[in-house]
Number of protein chains: 2
Amino acid sequence: MKRRNFLGAAAAIAALPGCAPLPTSRGTGDLGVVIQRASGKLAVVDTTAREVLGEIAGLGDLSHASVVYGRDGASAYVFGRDGALTHVNVRTQRVLARVQQAGNSIGGAISQDGSLVAAQNYTPGGVRVFDARTLAPLADIPATYTAADGSTQRSRVVGLADLPGRRFVFALFDADQIWVADLANPREPRITKFAGIGRQPYDALVTPDGRHYIAGLFGEDGLALLDLWQAEPKVRRILGGYGRGEQPLPVYKMPHLRGWAVAGREAWLPAIGRHEVLVADALRWEEVARVPVAGQPVFVMARPDGRQVWVNFAVPDYHRVQVIDTVTRRVVRTLEPGKAVLHMEFTPRGEAVWISSRDDDRVSVVDTASFETLARLDVPQPSGIFFSARAGRMGL
Amino acid sequence: MKRRNFLGAAAAIAALPGCAPLPTSRGTGDLGVVIQRASGKLAVVDTTAREVLGEIAGLGDLSHASVVYGRDGASAYVFGRDGALTHVNVRTQRVLARVQQAGNSIGGAISQDGSLVAAQNYTPGGVRVFDARTLAPLADIPATYTAADGSTQRSRVVGLADLPGRRFVFALFDADQIWVADLANPREPRITKFAGIGRQPYDALVTPDGRHYIAGLFGEDGLALLDLWQAEPKVRRILGGYGRGEQPLPVYKMPHLRGWAVAGREAWLPAIGRHEVLVADALRWEEVARVPVAGQPVFVMARPDGRQVWVNFAVPDYHRVQVIDTVTRRVVRTLEPGKAVLHMEFTPRGEAVWISSRDDDRVSVVDTASFETLARLDVPQPSGIFFSARAGRMGL
């Protein structure tokens, strides 16, 4: 593990042509980044002016990349599929530090207090934790388990999320386990393991209040639920019949569970393989409704006020986006913002949504009340969109 | 209405001794302000370093002052009791613009898209709306009504809050009305009036999802509820027996309704005059429990995850703060952070709370898990605390 690049504060202040730092007076609450997956760059965007301010290059393989923000909203951490973790500054549009921390990585998280950044890895299977300020390595948590043949193996890790108090939760795809790592002392992680949760957890989410952790199961029916507010948390099975089931349908793209939406008292979930969005009561975790949609849902995301849920789809329906009214539970609008819609992100108070259309090299900004397109930005092969307001939210 | 002070971008960049602009690389997501009510100043604070970075002076009478943030989190708007509205920048720590917009004002709000700032006034009674960028006046909404004697009067306005889509909602204390103002065209506000809502609405709040508007009634029992998601919203009475009632108790300080906390499926409310916090179901709006506390509650605030509710009190119990666990509904801790606790503000992800103790000239930063005091800051006569993450929230 080595640091490949470090630019100190003095260097970061110097302006590059076409990549000027922002005016001193400008805040970062309305900034964000869009991942340009093919070119290894981030576009830095302004959600007030609705324009691209600049870009940050040299980030490696950004397929399936994701971003978390430090407390100040200027520091951001980019988790590349190639196992690189890069600390960037969106105000100065510079790379601050970069480590090659694994061979194959699938995202990360930042601790509640902003002091620790954690990456979840497929190869070698486990979680690595870094000092958010310097990217110095602090903890290495190999996801070891005993396989059926008695040998010790390492599992791929999925569904990593932050919990209150310097804790992280994640799932072990190959070991059928959920682990909670407490890094109160970052050099000595304390791990609580939940085994036998169900076969092949493939992704997971923590609810916005940090209370429930839910892992989707690829190997059997239903999902695994952990209520972290219980004195002695136990995993229980919910929504039997929701998962892949005993007669799995063909799945063109696995839904992203982090995209699941909690809107008021209900969770809105992508049905795997089916052209449906499921509505579950978010207390009893029982199914209460299904809403037919235009394809296999990938992201199912609630507008911040919970009044609308926006859905994008797997191939061949990935040029469409549908909007569901959560009161009437009906699709109220179908949009076609461009080819290969990969991601959506709401502005912090929800007046607009930004949508990536990879194959049209376009990000569309859509008014969530009128459904008018407010702006179209040229961004080469855009995928994930991450706004700095995530700094203030749990589980993102 | 005149602009008294305007500093352009060029002037704002120049540093003053002891009041330096922040480094170019620094974001604004972890900044905030504390109102110094006696000196007409704001302390600019850093919630990561837990320190005072500087101050902004010349803001007039800041008793009962409040602050809202622009979308970028650097622009902030200060509503003074003397009717002044001041636009400041917390990064440069400078006053950008200032208008004397009324004789007696009681707070304000910013529109969902950040383009409009509205002030609610006692004298002259009404709401005035300004361009958030320049403070140019855009709309004047006099709160006129027909009094019992047939004359036209102006009511004092309370409980102003933003609603999705360039709308504001507010209550008319003297007219027993709630108004919704739609400023899609800011120069031609469209007003929807709800009359006969109950006697003397004295403060109000909008729930975090923007769905429910609730006004407390001073002149009779219960509260007025408006469900803004209904196709044709109507006001209904809720929680009879909660309000002042037919045999009012002495009230040492009116609770702040904006402080009411929605935690999960419940709203936690200060009982007027009683040493109790009420718990109401946030869907049916019926009382489900009461929690005995150490005095007359003033602010009842949920930690962002909803697991805890923090309460401060009116005289003579205003040196105490109590913490309620929302699962067990019991007081789990009583703190004495200093004399005359006036306000509390959680960090965006809730790991800490900042508490103003006016008569000890102190702001305390308390860990919400361990209840340890993490820092004590010297701030002269501190009152309201407002962190920049409010920029991304509705109704704040």
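Predicted, not measured: the structure shown is a model, and the values here were computed from it.

1. Remarks on the packing of aromatic side chains
Residue and element names in this part refer to chain B. The tally for this structure, following the rule as stated, stands at 10 aromatic pairs over all chains. When the ring of Y202 is compared with that of F218, the centres are 6.3 Å apart and the planes differ by 70°; the resulting orientation is edge-to-face. Of this pair, Y202 sits in strand β19 (residues 201-206) while F218 sits in the loop between β20 (212-217) and β21 (223-227), placing them 16 residues apart in sequence. On the basis of relative accessible area, Y202 is assigned to the buried category, the value being 11%. On the basis of relative accessibility, which here comes to 30%, the residue F218 falls in the partly exposed class. A ring pair is formed by W354 and F387, whose centres lie 5.4 Å apart and whose planes are at 85°; its orientation type is edge-to-face. With W354 in strand β32 (residues 352-357) and F387 in strand β35 (residues 382-387), the pair connects residues that are 33 residues apart, well separated along the chain. On the basis of relative accessibility, which here comes to 0%, the residue W354 falls in the buried class.

2. Things to note about the environment of A97 of chain A
All names here are of chain A. Its place among the elements puts A97 in strand β8 (residues 94-100). Taking the relative accessible area as the measure of exposure, A97 reaches 0% and is therefore buried. The sequence separation of A97 and V341 amounts to 244 residues, and the corresponding C-alpha distance is 31 Å.

3. What about the sheet that holds strand β32 (residues 352-357) of chain A?
Residue and element names in this part refer to chain A. Pairing in this open sheet of 4 strands is antiparallel, and the strands run β31-β32-β33-β34 from one edge to the other. Either end of the sheet is taken by a strand with one partner, and the two such strands are β31 (341-346) and β34 (373-378). The average undirected angle you get between the axes of adjacent strands in this sheet is 20°.

4. Examining the relation of the copies chain A and chain B
Once chain A is rotated about the relating axis by 180° and shifted along it by 0.0 Å, it coincides with chain B to within an RMSD of 0.0 Å. A rotation of that kind, with that shift, is consistent with a two-fold axis. With an isologous cut-off of 70% or more, the 100% of interface residues of chain A that recur at the interface of chain B puts this contact in the isologous class.

Cut-offs used in this document
Residues numbered from 1 in each chain as written. Chains lettered and ligands numbered in written order. Predicted model: local features only at pLDDT ≥ 70, side-chain atom pairs only at ≥ 80, totals over all residues. Heavy atoms only, no water. Phe/Tyr/Trp six-rings, centres within 6.5 Å; stacked < 30°, edge-to-face > 60°. Helix = DSSP H or I, 4+ residues; strand = E, 2+ residues; numbered from the N terminus. Buried < 20%, exposed > 50% of the residue type's maximum accessible area, 1.4 Å probe, protein only. Pairing = 2+ DSSP bridges. Axes fitted to C-alpha atoms, helices over the stretch in contact; angles between N-to-C directions. Least-squares fit on C-alpha atoms with pLDDT ≥ 70 in both. Contact = heavy atoms within 4.5 Å.

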